Amino acid sequence: MVMLVTKVIRLFDRVQFPLHHAWLKLLSEALDGSVLDKPLLDEANCIASAMGSEYVAVLNSLLENNPDVFGEFLSLKVCVKKRKAVEGAEFSTNIEFIELKLAKYNTTKTPQEQRIEQQKAQEQKLKQRQIASEKMFADLRAKYDKQFIDFPSLNIKSIRRHSKAAYILTTLNKGMITDADYLWLKQKGFENDLVISMYYLRRAENSKRIWNTTNKPWNLVNALADYRKANKAKSALTLVNKHFPFKFANGNKKLKSALLTTAGGVKRDLNMLEQAIEFGIQAHELTLQDYRPCTLIGACKMLSGDISQGHEWYQKAISRGFESDSYEQEIRSIYMRAKANDRAEIRKLLMGDGWCYKWLK
């Protein structure tokens, strides 16, 4: 009888027919042994009554060892499959009662269900580890933030809070710092391209505000110069285009020359070399002894490929006070950017004049 029930159990898959499977498992337990387990059998009979008269009948056939009982179970399965297809459930009535009664017997899990449960347990462990890891990093970050501060806009990290460096860099992020504070940053190794650009940008914006407020033209000169140092030539060009030809400086040759030279530098930065040369010539005519227009013209001439003329203008600048160190720095920058043919000509002219720099060899 037990073997028959075991065979019947295979008809009713636990996943597809969980209530039938559980009822048959209950019957298997009741019949397993030399003596019937009457309490379990009574429980199975009670549940069969709730399932329907056909279940009571098939149970009686089983107990009476009816040889056709397996066929009766097959007929039941056909009926159940149809019911599930139409109604979506194993039974039409008494479902809650049947589920309640069979709950404690419906515990065996299929291999697939066991795998699913194991997977869920593993996912839960991973989630808990992730939560713990995130909490640990959050705690470490909170501890770090209490002690240090980062300045991503300046590419500087891990500055101790309340230090002088933190104070100066915070001020620089918000506005202008003093020249002394900038010098301190340089001396302490905090200077980089972003710090330099930010420092001169703040200066440029400050000079621009003063110029707009007071109309004192030297502030416009300073704003243009600092925009260049901050690599913001386009911002400087906007100011140049707005105020050129600088009529407010007429009568003051030094001021007009400074405005033209600085504006010419802006044009040079944007590779507007012909206009830059024009500005430089106008500035030179106003202040013949100032070396600054000469360096502007010399650089633009060389950058445009007129190496000989550029060299001559640089010689004029040197004779007017252009320092040799500044000359080397500027001519080297031009040399490194020049084409191969222009480099050869620059090298020839410089060495012919006795400028034997190491980087020329």
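Here, every reference points to the structure presented above.
A short tour of the structure in this document, coming up. (Residues numbered from 1 in each chain as written. Predicted model: local features only at pLDDT ≥ 70, side-chain atom pairs only at ≥ 80, totals over all residues. Heavy atoms only, no water.)

When its secondary structure is counted, the protein chain shows 18 helices and two strands. Against the compact-globule benchmark of 21 Å for 361 residues, the protein chain has a radius of gyration of 46 Å, which places it well outside the compact range. When the backbone C-alpha atoms are referred to their principal axes, the protein chain occupies close to 130 × 50 × 40 Å. Looking at the 361 residues of the protein chain, the share that counts as buried comes to 39%. Expressed as a percentage of contacts within the protein chain between residues at least 6 apart in sequence, the contacts between residues at least 24 apart total 51%. Roughly 21,400 Å² of accessible area belongs to the protein chain as shown, and the carbon and sulfur atoms make up 51% of that amount. Counting 57 positive and 41 negative side-chain charges, the protein chain places the centres of these two groups 10 Å from one another. (Helix = DSSP H or I, 4+ residues; strand = E, 2+ residues; numbered from the N terminus. Rg over C-alpha atoms; globule rule 2.2 N^0.38 Å. Buried < 20%, exposed > 50% of the residue type's maximum accessible area, 1.4 Å probe, protein only. Contact = heavy atoms within 4.5 Å. Areas by Shrake-Rupley, 256 points an atom, 1.4 Å probe, with all protein chains shown as cover. Lys, Arg positive; Asp, Glu negative; His and termini not counted. Charge placed at Lys NZ, Arg CZ, Asp CG, Glu CD.)

Our next topic: the packing of aromatic side chains. Counted under the stated rule, the structure contains 18 aromatic pairs. By way of ring pairs, the aromatic residues Trp211, Phe244, Phe246, Phe248 and Phe279 are connected into one cluster. Of note, lysine 316 hangs over the ring of tryptophan 313, and the distance from its end group to the ring centre comes to 3.9 Å. Of note, arginine 343 hangs over the ring of tyrosine 335, and the distance from its end group to the ring centre comes to 5.2 Å. (Phe/Tyr/Trp six-rings, centres within 6.5 Å; stacked < 30°, edge-to-face > 60°. Lys NZ or Arg CZ within 6 Å of the ring centre and 35° of its normal.)

Running from N to C, helix α13 (residues 253-269) and helix α14 (residues 273-286) point in directions that differ by 165°, and their axes come no closer than 8 Å. The angle between the axes of α13 and α14 places the two elements in the roughly antiparallel class. Every pair of crossing elements has a handedness; the one defined by α13 and α14 is left-handed. Where α13 approaches α14, its residues Lys253, Lys256, Ser257, Leu260, Thr261, Ala263, Gly264, Lys267 and Arg268 are matched on the opposing element by Leu273, Gln275, Ala276, Phe279, Gln282, Ala283 and Leu286. (Axes fitted to C-alpha atoms, helices over the stretch in contact; angles between N-to-C directions. Parallel < 35°, antiparallel > 145°, perpendicular 65-115°, else oblique. Left-handed = near helix turned anticlockwise from the far one by under 90°.)

Let us now look at a nonpolar patch on the surface. On the surface, Met136, Phe137 and Leu140 cluster together to form a nonpolar patch covering roughly 320 Å² of accessible area. For leucine 140, the location among the structural elements is in helix α7 (residues 111-147). (Patch = residues over 30% accessible without salt bridge, like charges linked within 9 Å, V, L, I, M, F, W, Y side chains within 5 Å. Salt bridge = Lys/Arg side-chain N within 4 Å of Asp/Glu carboxyl O.)

Moving on: the layout of surface pockets. Estimated volume of the largest pocket: approximately 1,200 Å³. As for the largest pocket, its lining consists of 34 residues, and the residues nearest its centre are Arg228, Lys229, Arg268, Thr295 and Glu330. Among the elements of the structure, α11 (217-229), α13, α15 (291-303) and α17 (324-337) are those that each provide at least two residues to the lining of the largest pocket. Take the lining of the largest pocket: its biggest share by element is eight residues, from α13. For the lining of the largest pocket, the residue count by class is ten nonpolar, eleven polar and 13 charged. (1 Å grid on protein atoms, 1.4 Å probe; cavity = no way out; pocket = protein on both sides within 12 Å on 5 of 7 lines; lining within 4 Å. Points joined across faces, edges and corners; volume = space filled by probe spheres on them. Nonpolar A, V, L, I, M, F, W, Y, C, P; charged D, E, K, R; others polar.)

Bringing the nonpolar core into the picture now. The biggest cluster of nonpolar side chains holds 42 residues, and the ones touching the most others in it are Leu154, Ile156, Ile159 and Leu185. Ranked by residue count, the leading element in this core is helix α10 (residues 193-214), at seven residues. Look past the residues within four positions of leucine 185 in its chain and what remains in contact with it is Ile168, Leu169, Ile177, Phe190, Glu191 and Val195. Core analysis: the next-biggest nonpolar cluster, separate from the first, contains 33 residues, Val5, Ala30, Ala50 and Leu76 among them. (Core = buried A, V, L, I, M, F, W, Y, C linked by side-chain atoms within 4.5 Å.)

Turning to unusual backbone geometry, a few remarks are in order. The omega angle of the peptide bond from phenylalanine 244 to proline 245 is 15°, so this bond is cis rather than trans. By the element assignment, proline 245 lies in the loop between α12 (233-243) and α13. The phi angle at asparagine 231 is positive, at roughly 60°, despite the residue not being glycine. By the secondary structure assignment, asparagine 231 is in the loop between α11 and α12.

Before going further, it helps to spend a moment on the side chain of serine 257. Structurally, serine 257 is set in helix α13. Here serine 257 falls in the buried class, since its relative accessible area comes to 1%. A polar side-chain atom of serine 257 sits 2.7 Å from a polar atom in the side chain of threonine 287. What serine 257 contacts, discounting residues up to four positions off in sequence, is Ala283, Leu286, Thr287, Asp290 and Pro293. (Polar contact = N/O pair within 3.5 Å; in protein donor to acceptor, adjacent residues only side chain to side chain.)

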